[in-house]
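A closer look at the structure
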Amino acid sequence: MADDSKELLAKALAELHGGTIVAQSDGPGCGSAFRVRLPLAPAASSRHSPADDAQAGSAPLAPQVLLIDDNTDLLEMTKEVLETFGCEVETASDGLTGLARLTSLWPSVAFIDIGLPGLDGYQVAIEVRNKDHEQPWLVALTGYGQPEDRQRAFAAGFD
C-alpha cells in the first residue's frame with residue numbers, strides 16, 4: 001500500500017469515528033509522533049471497566065484483552081502494542097476459537113474482526129451477549145464503515 005493510501009486510510013478511519021489524526025516529525029532520523037483523537041463513547045450499561053477500579057481507589061490490575069483476527073500480522077502487531085501498555089493479551093485467529101477463548105477467559109475487552117472464518121465477528125458478539133456472565137467490552141474491527149455496518153455491529157452487541 002502506498003504511503004499516501006495509508007495516510008488517507010488512517011485519516012478516513014479517524015474521521016469515520018468523529019475524530020482526527022495528526023502526524024508530526026522534525027525530519028529524517030528524528031522520529032515521529034501521531035495523535036489520534038476520538039470522541040468519548042456514551043456510557044454503556046453497568047459493565048465493569050478498568051476506570052471503576054481507579055475510582056474505587058483499588059490498585060488497577062493489568063487489563064485482560066482478547067484479540068480475534070485472522071490477519072496474523074495485524075494480530076501480532078496489535079498484541080505487541082497492547083502489551084507495551086501493560087495489558088495481558090490472548091489471541092485467536094478464527095471465530096470458533098475466539099468464542100471459546102472469550103467464554104473461558106472473560107477478558108475486560110475483546111477486539112473482534114468482523115470478517116472471521118468459522119463464525120463471523122457479528123455471530124461471536126451475539127453468542128457472548130447471550131451468555132449469563134459479566135460482559136466484556138466488545139470492539140469491532142472492520143474495514144466496513146457504512147452506517148448500516150455500524151448499526152449491524154451495535155445490533156450484534158458491540159460497544
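Residues numbered from 1 in each chain as written. Predicted model: local features only at pLDDT ≥ 70, side-chain atom pairs only at ≥ 80, totals over all residues. Heavy atoms only, no water.

Phi is positive for Trp-106, which is not a glycine, with a value near 45 degrees. Assessed through its relative accessible area of 16%, Trp-106 is described here as buried. (Buried < 20%, exposed > 50% of the residue type's maximum accessible area, 1.4 Å probe, protein only.)

On inspection of all chains with the given rule, the structure shows two salt bridges. Of the charged contacts in the structure, one is a salt bridge between Glu-83 and Lys-79, with a shortest N-O distance of 3.9 Å. With Glu-83 and Lys-79 both in helix H3 (residues 72–84) and four residues apart, the pair spans about one turn of that helix. Put simply, Arg-129 and Asp-159 hold a salt bridge, and the shortest N to O gap is 3.0 Å. Here Asp-159 lies in the segment after helix H6 (147–156) and Arg-129 lies in helix H5 (residues 121–129), a separation of 30 residues in the sequence. (Salt bridge = Lys/Arg side-chain N within 4 Å of Asp/Glu carboxyl O. Helix = DSSP H or I, 4+ residues; strand = E, 2+ residues; numbered from the N terminus.)

Counted residue by residue, strand E2 (residues 32–37) has zero buried out of six residues, so it is predominantly exposed. Here six bridges tie strand E1 (residues 20–25) to E2, and the two strands are oriented antiparallel to one another. Across the sheet, residue Ser-25 finds its bridge partner in E2, namely Ser-32. Counting the residues that bridge the hairpin from E1 to E2 gives six residues, and of these Gly-27 lies at a positive phi of roughly 125 degrees. (Pairing = 2+ DSSP bridges.)

The N-to-C vectors of H5 and H6 enclose an angle of 30 degrees; their axes lie 8 Å apart at closest approach. Here H5 lies roughly parallel to H6, going by the angle between them. Contacts between H5 and H6 involve Tyr-122, Ala-125, Ile-126 and Arg-129 from the former and Asp-149, Arg-152, Ala-153 and Ala-156 from the latter. The class makeup of the residues in the contact of H5 with H6 is five nonpolar, no polar and three charged. (Axes fitted to C-alpha atoms, helices over the stretch in contact; angles between N-to-C directions. Parallel < 35°, antiparallel > 145°, perpendicular 65-115°, else oblique. Contact = heavy atoms within 4.5 Å. Nonpolar A, V, L, I, M, F, W, Y, C, P; charged D, E, K, R; others polar.)

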